[in-house]
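Commentary on secondary and tertiary structure
Each chain is listed here by its residues.
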Amino acid sequence: MTTTISATGRLTTVHTAARPVAALAGVVGEQRYAGLRAAAEDFRVRFAGRTIWTVSSTCTGGGVAEMLQALVGYVRDLDVDIRWLVIGANPSFFAVTKHLHHLLHGFPGRMTLGPQTAAHYEDVLAANAQELLALVHPGDIVLLHDPQTAGLAPWLTHAGVHVVWRSHIGTDLQNDATRDGWAFLRPYLQHADAYVFSRRAFVPAWLPAERTRIITPSIDPFAPKNQDLAPDTVRAVLDAAGLIEAPTRAAPAYLRRDGSTGTVECHATVVADSLPGPDEPLVVQVSRWDPLKDMAGVMRAFAEYVAPHVPGRLMLAGPALVADDPEGALVRAACVQRWRGLPPPVRGRIALASLPVDDVDENAVLVNALQRHAAVVTQKSLAEGFGLTVAEAMWKGRPVLASTVGGIPDQITEGAGVLVPDATDLASFGAALRGLLADASARQRIGAAAHERVRAAFVGDKHLLRYAELLTALLSRPPGG
Ligand code: UDP
């Protein structure tokens, strides 16, 4: 396994092996590859003797961890010193940050962000900061990801470190909920030197425009999540994990990040009356069990507007458990309860899968196989920072049906997928899904355009180049300046 974890008190170091950047040339072409190499060379010279620290709240599950696993590996291969740390925190801290996450997506919750909440948030991050300060040196760069780490910013700038805060979340329209969320974070964020968002519309008005950059996320074509898998292997993986019923003689083998061959050994926990057969058209949504991913809405739309009219099955798949997602179990339980209440003929066509997360590579290859096997991939989110699952499925040539929220329309341009304007309109979502299931040539055409769209805009070289530009600009100013 490439990524190993060693606990150092509250902070955890994630050891990520170098990934050969040269492999990207075959995907993005020689010209783009040469551009990346040249930028890396320039950056290495300017940055000599310093370290980039990237700090997140988890190293498994969710888009942030997924991207860091790839990007940190590529940066290491480019000979830039980068380290990845994960903060340590307790469930009540994560309950606060999950609430902040919902607020920044425009959804109010029941929690009140009073002085006590702030004190708890600050205490947890102060403890992490003490360890971090023993590691960093003046002139280093620290990339803080999302609200979970924002409270580290004042400690770090004070220590002469350049701080970049990267928000992976946000919403186009500000309301009372977003204002509450930003008001909570503002005292910490104002210490950062630069800010990165996935969309311009997500940036709160009080952040200085000249310190803010828009950088869209990316996928890694060679990660276990996205690597090519032959159709036989896809079926073998899904069969081995208990996700479909597919007698097959192929080995469920894939390439792990360290280059060794892995075999799927884990078993998913599936709530279903029966498993889908290998040739039944499968609609798939892969998401964390989060209310804003609206797994329940996908199930309702499928049950009411799709199942009675066209053949096919639905599989909603999410992680078995993610450390910073205390709401997950509740959301999943609510979906299961709803599923139990469906009329048996419809219920028999819907499965809820929990994918084991103990082995990151194995979890990733299950997602990969599910996305590749899908006739249609949905992402019916009510809010979405970017929605990496959309780019992942598009890369695999799948037609994606998604709601027009957050970063999703930045990915699904004309002809490269299907967008439903109103995320809460189940009838329109159902009608679009029915249309796709009934039209194989449309699925093929959309899938091909989707793959090309991701190759052009969302492969890691572009992502790294934009970071190199930002960090180079940062080095020309003193920290906090
Ligand atoms: N994911 C995963 N296993 C799961 C569910 C999700 O690896 O069981 C991954 C998914 O493939 C994607 C990421 O988690 O890479 C989710 O990122 P996205 O931006 O779509 O949403 P987020 O969870 O960050 O809100």
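A brief structural summary.

Reading guide: rules and limits
- Residues numbered from 1 in each chain as written.
- Predicted model: local features only at pLDDT ≥ 70, side-chain atom pairs only at ≥ 80, totals over all residues.
- Heavy atoms only, no water.
- Helix = DSSP H or I, 4+ residues; strand = E, 2+ residues; numbered from the N terminus.
- Buried < 20%, exposed > 50% of the residue type's maximum accessible area, 1.4 Å probe, protein only.
- Contact = heavy atoms within 4.5 Å.
- Areas by Shrake-Rupley, 256 points an atom, 1.4 Å probe, with all protein chains shown as cover.
- Lys, Arg positive; Asp, Glu negative; His and termini not counted.
- Charge placed at Lys NZ, Arg CZ, Asp CG, Glu CD.
- Salt bridge = Lys/Arg side-chain N within 4 Å of Asp/Glu carboxyl O.
- Near = heavy atom within 4 Å.
- Polar contact = N/O pair within 3.5 Å; in protein donor to acceptor, adjacent residues only side chain to side chain.
- Axes fitted to C-alpha atoms, helices over the stretch in contact; angles between N-to-C directions.
- Parallel < 35°, antiparallel > 145°, perpendicular 65-115°, else oblique.
- Left-handed = near helix turned anticlockwise from the far one by under 90°.
- Nonpolar A, V, L, I, M, F, W, Y, C, P; charged D, E, K, R; others polar.
- Pairing = 2+ DSSP bridges.

**Quick notes on the overall build of the protein**
Across its full length, the protein holds 18 helices and 17 strands. Looking at the protein as a whole, 59% of its 481 residues qualify as buried. Of all intrachain contacts in the protein linking residues separated by at least 6 positions in sequence, the fraction that spans at least 24 positions is 73%. Per element, the accessible surface of the protein, about 18300 Å² overall, is 54% carbon and sulfur. Across the protein, the 44 positively charged side chains and the 47 negatively charged ones have centroids separated by 3 Å.

**A closer look at the pattern of salt bridges**
By the definition in use, this model includes 24 salt bridges. Salt-bridge contacts for Arg32 lead to Asp461; the nearest nitrogen and oxygen are separated by 2.9 Å. Of this pair, Arg32 sits in helix α2 (residues 30-47) while Asp461 is found in helix α18 (residues 460-475), placing the two residues 429 residues apart along the sequence. By the burial criterion, Arg32 is buried, and Asp461 matches it. For Asp176, the salt bridge is made with Arg179, and the minimal N-O distance between the two is 3.2 Å.

**Topic: the site of the ligand**
Taken together, 17 residues form the shell around the ligand, and within it Gly63, Arg288, Lys293, Leu388 and Glu392 come nearest. Leu388 places a main-chain nitrogen or oxygen 2.9 Å from an oxygen atom of the ligand. Contact distances for the ligand include 3.2 Å between an oxygen atom and a backbone N or O atom of Thr389. For the ligand, whose unbound accessible area comes to 540 Å², protein coverage reaches 90%.

**Overview of the packing of helix α4 (residues 91-104) against helix α8 (residues 176-189)**
Geometrically, a packed helix pair is captured by the angle between its two axes and the distance between the axes. α8 packs onto α4 with a crossing angle of 130° between their chain directions and a minimal axis gap of 7 Å. In terms of their interaxial angle, α4 and α8 are classed as oblique. Crossing hand, α4 versus α8: left-handed. Within the contact between the two elements, α4 uses Leu100, Leu103 and Leu104 and α8 uses Ala177, Thr178, Asp180, Gly181, Trp182, Phe184 and Leu185. Among the residues making up the contact of α4 with α8, the classes are represented as 7 nonpolar, 2 polar and 1 charged.

**Considering the sheet that holds strand β14 (residues 350-355)**
If you trace the 7 strands from one edge of the open sheet to the other, you get β11-β14-β13-β12-β15-β16-β17, paired in mixed fashion. Every other strand in the sheet has two partners, leaving β11 (269-271) and β17 (418-420) as the edge strands with one partner each. With strand direction ignored, the average angle separating the axes of adjacent strands in the sheet is 20°. With 3 bridges connecting them, β11 and β14 associate as antiparallel partners. In the sheet register, Val270 faces β14, and the bridge partner there is Ala353. Along the sheet face, helix α10 (residues 295-306) touches β12 (282-286), β13 (313-319), β14 and β15 (376-379) and points at about 175° away from the line of β13.

**Focus: the environment of Ala192**
Following the sequence through the fold, Ala192 ends up in the loop between α8 and β7 (194-197). Under the relative-accessibility criterion, Ala192 is labelled buried at 3%. Expressed as a C-alpha distance, the spacing of Ala192 and Pro308, which sit 116 residues apart in the sequence, is 53 Å. If sequence neighbours within four positions are ignored, Ala192 has contacts with Ala153, Val163, Trp165 and Arg211.

The values reported here are purely geometric and, on their own, carry no functional implication.
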